[in-house]
Amino acid sequence: MAPNLDLFGGDAPPQQGRLVLGAQSVVLRGYALPMVADLLAGVDAVTAQAPFRHMDTPGGYTMSVALTNCGELGWTTDARGYRYSRIDPLSDRPWPAMPEAFGQLARDAAAAAGFPGFSPDACLVNRYEPGSRLSLHQDKNERDYNAPIVSVSLGMPAIFLFGGDNRADKAARVPVFHGDVVVWGGVDRLRYHGVMPLKDLPHPRLGSQRINFTLRKAG
Ligand code: MD3
Ligand code: FE
């Protein structure tokens, strides 16, 4: 290939800058791009010990998103409800350790968004395939709503739904791309949010999947 025509290794040109979603929530465009190789190595290390799996909801559905966790606490769902647990129900063993690169990125991104001193103890890793979606919900299983949540998107693009404090509030549609980081907390911590069904727009590195991981203070 001629020089200059593959500056980005097949990826789209990196975006930067920030998109303000709310008073205390922001999309940091491309913030994770410099760390992608380390982050994907971390995802591989985690999923080698705790593979992605489709969990059941208390309402009797099976999630279209597959998930796993790392860190001290992991989020789970089954017919009995949603909760955080120290033990992976599939292996009966503790969740894998949180990769160093995840913790570092979470601290830096949280500080850049106005939440210094963030120290996550839980990381929920979601894997989307074409058609996977996440219906509008609040993240309410964490003990302390004062800590923010940091979300990292890798692979195929998605459209986030960013709603209000009530399920019926109109939700904004916000596209998110490979390498984007979303931080939200404070007055925005309990806003409804979700992800539209994914289109099949294969990513050069990850193919027909999107991986999102969220770093949280759950305990
Ligand atoms: C919070 N994950 O795992 S995180 C979840 O892409 C979850 O897998 C999504 O929601 C995912 O619980 C989205 C990013 C996000 C986006 C918009 C929000 C979080 C938000 C709006 C309000 C509050
Ligand atoms: Fe959520």
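Refer to the structure above for everything that follows.
Because the structure is a prediction, the values reported are computed rather than measured.

A. Inspection of the overall build of the chain at higher detail. For the chain, the count of helices and strands is two helices and 15 strands. Rg of the C-alpha trace for the chain: 17 Å, near the compact-globule value of 17 Å for 219 residues, within the 12% margin. Considering the chain as a whole, with its 219 residues, one finds that 48% of them fall into the buried category. Pairs at least 24 residues apart make up 72% of the contacts formed inside the chain by residues separated by at least 6 positions.

B. Focus on the packing of aromatic side chains. Taken as a whole and judged by the stated rule, the model has two aromatic pairs. For the pair Trp-75 and Tyr-82, a centre-to-centre distance of 5.4 Å together with 25° between the ring planes defines the contact as stacked. Residue classification places Trp-75 among the buried positions, given a relative accessible area of 12%. Look at Tyr-82 and you get partly exposed, because its relative accessible area is 46%. Plain terms: the ring middles of Phe-102 and Phe-213 are 4.2 Å apart, the flat faces sit at 10° to each other, and that makes the pair stacked. Here Phe-102 is found in helix α2 (residues 100–112), whereas its partner Phe-213 is found in strand β15 (residues 210–216), with 111 residues between them in sequence. Of the residues examined, Phe-213 reaches a relative accessible area of 0% and is grouped as buried.

C. Geometry of the sheet that holds strand β14 (residues 193–195). The strand order across the open sheet formed by four strands is β9-β14-β11-β12, and the pairing between neighbours is antiparallel. Every other strand in the sheet has two partners, leaving β9 (134–137) and β12 (172–176) as the edge strands with one partner each. When strand polarity is set aside, the average angle formed by the axes of neighbouring strands in this sheet is 20°. Of the strand pairs in this sheet, strand β11 (residues 158–162) and β14 are connected by three bridges, and their pairing is antiparallel. Counterpart to Leu-161 in the pairing with β14 is Gly-194.

D. Structural view of the site of ligand 1. The full set close to ligand 1 counts 18 residues, and Asn-126, Tyr-128, Phe-162, Trp-184 and Arg-210 are the nearest of them. At 3.1 Å, a side-chain N or O of His-137 approaches an oxygen atom of ligand 1. Within the side chain of Asp-139, an N or O atom sits 3.2 Å from an oxygen atom of ligand 1. Relative to its unbound accessible area of 530 Å², ligand 1 is 97% covered by the protein chains. Within the residue set of the shell around ligand 1, elements represented by two or more residues are β8 (122–128), β9, β11, β14 and β15. The dominant element in the shell around ligand 1, judged by the number of residues it contributes, is β15, at four residues. Each residue belonging to the shell around ligand 1 can be placed in one class, and the counts come to seven nonpolar, six polar and five charged.

The rules behind these values
Residues numbered from 1 in each chain as written. Chains lettered and ligands numbered in written order. Predicted model: local features only at pLDDT ≥ 70, side-chain atom pairs only at ≥ 80, totals over all residues. Heavy atoms only, no water. Helix = DSSP H or I, 4+ residues; strand = E, 2+ residues; numbered from the N terminus. Rg over C-alpha atoms; globule rule 2.2 N^0.38 Å. Buried < 20%, exposed > 50% of the residue type's maximum accessible area, 1.4 Å probe, protein only. Contact = heavy atoms within 4.5 Å. Phe/Tyr/Trp six-rings, centres within 6.5 Å; stacked < 30°, edge-to-face > 60°. Pairing = 2+ DSSP bridges. Axes fitted to C-alpha atoms, helices over the stretch in contact; angles between N-to-C directions. Near = heavy atom within 4 Å. Polar contact = N/O pair within 3.5 Å; in protein donor to acceptor, adjacent residues only side chain to side chain. Areas by Shrake-Rupley, 256 points an atom, 1.4 Å probe, with all protein chains shown as cover. Nonpolar A, V, L, I, M, F, W, Y, C, P; charged D, E, K, R; others polar.

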